[in-house]
Structures are given as structure tokens and as C-alpha cells.
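Fold and geometry: a report
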Amino acid sequence: MIPPDHPRYRSLVIREHLADCAKKGIIAWEGLTAHGRGEAFDYLIGERTTESARLAERTAAAMLLSARHPVISVNGNTAALAAREIADLQHACGALVEVNLFHRTEDRVQQIEALLRDTGAEVSSGPAERLLPLPHDREWCRRDGMYAADVVLVPLEDGDRCEALVAMGKQVIAIDLNPLSRTARTATLTIVDEVTRALPVITGACKDLSQREIRHLLLTLNNTYLLSEAIHEMSARLDHALD
Ligand code: PTJ
């Protein structure tokens, strides 16, 4: 048993939870590796929400609130870590919630949908089709869901789907602790923050942004600046690591 005053208590409890989720099939086994990658980048950024990440989170809220048809895409890792935070964000911004998996099985889709519903999210289910131009199972989505979306929130994913969504004319908001990932670099807006810290800030901003702030955030969105600030934060911490 890990004592609660252990400095790594939270991250060890999360690891145990994710291992349980992997045994049940909610997380793909590969998702455990993805989590380790995230932990390493979170360590580099100081396990905190930086100023530039907070700006990205407020901009994400502005994009979701201004969207005609916003969709929150959920994979196994996101559901296991942040199902409740997804439900809260959905209530604050009115987005559809849709499951999209790389390691797709009907059983996993149903388990993840059930987990999301248990925490109060309303999940768009029903028949998915191979609608996204991708050579793998992330191509499956719902015609009146992600396929019709103008803004898609994509947490914890590295790959080619973001590029495909942008090529389809959609705006993509990525949440990814790795500012160098393919998804981070091709998204319209990238939030370099841990998902359970990022989502409540977006939800809070959805509740307090004025129309004037929304317009300002949308007009000043600059993803290259946000990514370079994140990289700068990480390299500055490394420069002083042994001080
Ligand atoms: O559930 P499935 O079948 O869709 O599978 C999900 C996989 C494992 C394929 C998906 O999570 C994935 O694309 O994994 P990758 O390629 O490792 O990319 C995940 C990205 O999320 C990496 O860039 C990590 O740094 C980042 N990441 C991991 N954990 C967190 C995170 N970013 C924010 N918060 C985290 N907790």
C-alpha cells in the first residue's frame, strides 16, 4: 500500500487505476505507454499549468463556444483519466461527445461509452461509418457527429487524424503534453497541459468568458507562439535542472 504522504502518491494511484482500466479493456495496452510519454513531458513542464497553456485553454473555450457543431473526441486514455471532466465540459459548452479509437473493438467502444455515461456525459452513439480519410480504425466516426463537426477537441492523441480533420476544413483543438507530436504541430490550437488540469480550466472559461474576450482570443490565436512557449518552458527548466 502506498502511503498518501508519498511525494509520488497521486501519480502512483493514477498508474494503478490505468493498469486496472487496461485489464478491463477500457485503455489499450499501448495506452499505458502513451501515459508514460505524457508523464515524462509533464515532468519537463513542471507538472503545472503554464501561463501559455492557460491562454490556450481560454482560447479553446472561445472556439468551443463559437462553434456551430463542436465535438469532443474521446479515446481510452481520456475516458480512463478524465471522464467526469469531459462530462463537465460538455455541460458547459454543449458539445457532442463521441468515442473515436485507434485500437477499435465494439466491446471497447461500448465500455468507454458506458463509463462516460456513468459520469453524466451524454454520448453520441449509434452507427459509425468509415468517413475520415485514414488508413486505420480512427476513420470510423458518426455522420452527424464528428464528420459534421466544425470544431473537434482531440485529447491525448498522436497521429495523422488531426491533419486529416484539418484538411477536411475543421478546426482542431489538441490537448497534448508533447509540443513536438504530429497532432500538436498540425492542430489549429494545442494545449500543452495535462488533461485533468486542462479540462477544468476550459470548463471554467466557458462559464466566464465575455463576448468581447471570445472575439479577442479568436483573433489573436497563434499556435506557433503557444508551442514555442511550451518548448521554451521545458528547455528553461532543463537549463536550471541541477541548480
Ligand atoms: O484508446 P485508443 O485505442 O484510441 O488508443 C489510444 C492511443 C494509445 C493510440 C493514443 O493515446 C495515442 O495516440 O497515443 P500516443 O501516440 O502515445 O499519443 C498520446 C499523446 O498524448 C502523447 O504525445 C503524450 O505525450 C500525450 N499524453 C499522454 N498522457 C497525457 C498526454 N497529454 C496530456 N495529458 C495526459 N495525461
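Predicted model only: the values in this text are computed from it and were never measured.

What follows concerns the pairing of strand 1 (residues 70–74). The element strand 1 is extensively covered by neighbouring structure, given that 5 of its 5 residues are classed as buried. The alternating pattern of strand 1 places P70, I72 and V74 on one face and V71 and S73 on the opposite face, and all of these are buried. Both strand 1 and strand 5 (residues 151–155) contribute to a ladder of 3 bridges, which runs parallel. Of the residues in strand 5, the one forming a bridge with V71 is V152. Summarising the sheet, strand 1 and strand 2 (residues 96–99) pair through 4 bridges and their orientation is parallel. Across the sheet, V71 pairs through a bridge with L96, a residue of strand 2. Taken together, strand 1, helix 4 (residues 76–93) and strand 2 constitute a β-α-β crossover, and its handedness is right-handed.

Right, let's talk about helix 10 (residues 223–239) for a bit. Helix length check: helix 10 (17 residues) gives 24 Å between terminal C-alpha atoms against 24 Å at 1.5 Å per residue, within 8%. Taken together, the buried positions of helix 10 are occupied by N223, L226, L227, A230 and M234. Along the long axis of helix 10, the arc covered by the buried residues comes to 100 degrees, so they all point the same way. Along helix 10, exposed side chains directed more than 90 degrees from the buried face belong to T224 and D239. Packing partners of the buried residues in helix 10 comprise helix 2 (29–45), helix 3 (51–66), helix 7 (182–186) and strand 7 (189–191).

Residues in close proximity to the ligand total 21 residues, the closest being F102, H103, R108, D176 and E194. Residue F102 places a main-chain N or O atom 2.8 Å away from an oxygen atom belonging to the ligand. In the model, a nitrogen atom of the ligand is placed 3.0 Å from a nitrogen or oxygen of the V195 main chain. Within the complex, the protein chains bury 94% of what would otherwise be the 740 Å² of accessible surface of the ligand. For the shell around the ligand, the class distribution of residues is 7 nonpolar, 6 polar and 8 charged.

If you walk through the whole model with that rule in mind, you get 0 aromatic pairs. The ring of Y147 carries the charged tip of K170 above its face, separated from the ring centre by 5.9 Å.

With that out of the way, let us pick up helix 3. An ideal rise of 1.5 Å per residue puts 22 Å on 16 residues; helix 3 measures up with 23 Å between its terminal C-alpha atoms. Buried within helix 3 we find S52, A53, A56, E57, T59, A60, A61, A62, M63 and L64.

We now examine the side chain of S124. You can see S124 is positioned in the loop between helix 5 (106–118) and strand 3 (129–130). Residue class for S124 comes out buried when judged on its relative accessible area of 10%. With residues near it in sequence (within four places) discarded, S124 still touches L96, V97, E98, E113 and R142.

Moving on, we get to the packing of helix 1 (residues 9–24) against helix 2. Contact geometry for helix 1 and helix 2: axes closest at 9 Å, N-to-C directions at 160 degrees. Our classification of the angle between helix 1 and helix 2 gives roughly antiparallel. Like other packed secondary-structure pairs, helix 1 and helix 2 cross with a definite hand, here right-handed. Only W29, L32, H35 and E39 of helix 2 make contact with helix 1, whose side of the interface consists of S11, I14, R15, L18, A19, A22 and K23. Its residues assigned to classes, the contact of helix 1 with helix 2 comprises 6 nonpolar, 2 polar and 3 charged.

Reading the values: the criteria
Residues numbered from 1 in each chain as written. Predicted model: local features only at pLDDT ≥ 70, side-chain atom pairs only at ≥ 80, totals over all residues. Heavy atoms only, no water. Buried < 20%, exposed > 50% of the residue type's maximum accessible area, 1.4 Å probe, protein only. Helix = DSSP H or I, 4+ residues; strand = E, 2+ residues; numbered from the N terminus. Pairing = 2+ DSSP bridges. Right-handed = clockwise from strand over helix to strand, strands pointing away. Expected span 1.5 Å × (residues − 1). Arc of directions from axis to C-beta. Contact = heavy atoms within 4.5 Å. Near = heavy atom within 4 Å. Polar contact = N/O pair within 3.5 Å; in protein donor to acceptor, adjacent residues only side chain to side chain. Areas by Shrake-Rupley, 256 points an atom, 1.4 Å probe, with all protein chains shown as cover. Nonpolar A, V, L, I, M, F, W, Y, C, P; charged D, E, K, R; others polar. Phe/Tyr/Trp six-rings, centres within 6.5 Å; stacked < 30°, edge-to-face > 60°. Lys NZ or Arg CZ within 6 Å of the ring centre and 35° of its normal. Axes fitted to C-alpha atoms, helices over the stretch in contact; angles between N-to-C directions. Parallel < 35°, antiparallel > 145°, perpendicular 65-115°, else oblique. Left-handed = near helix turned anticlockwise from the far one by under 90°.

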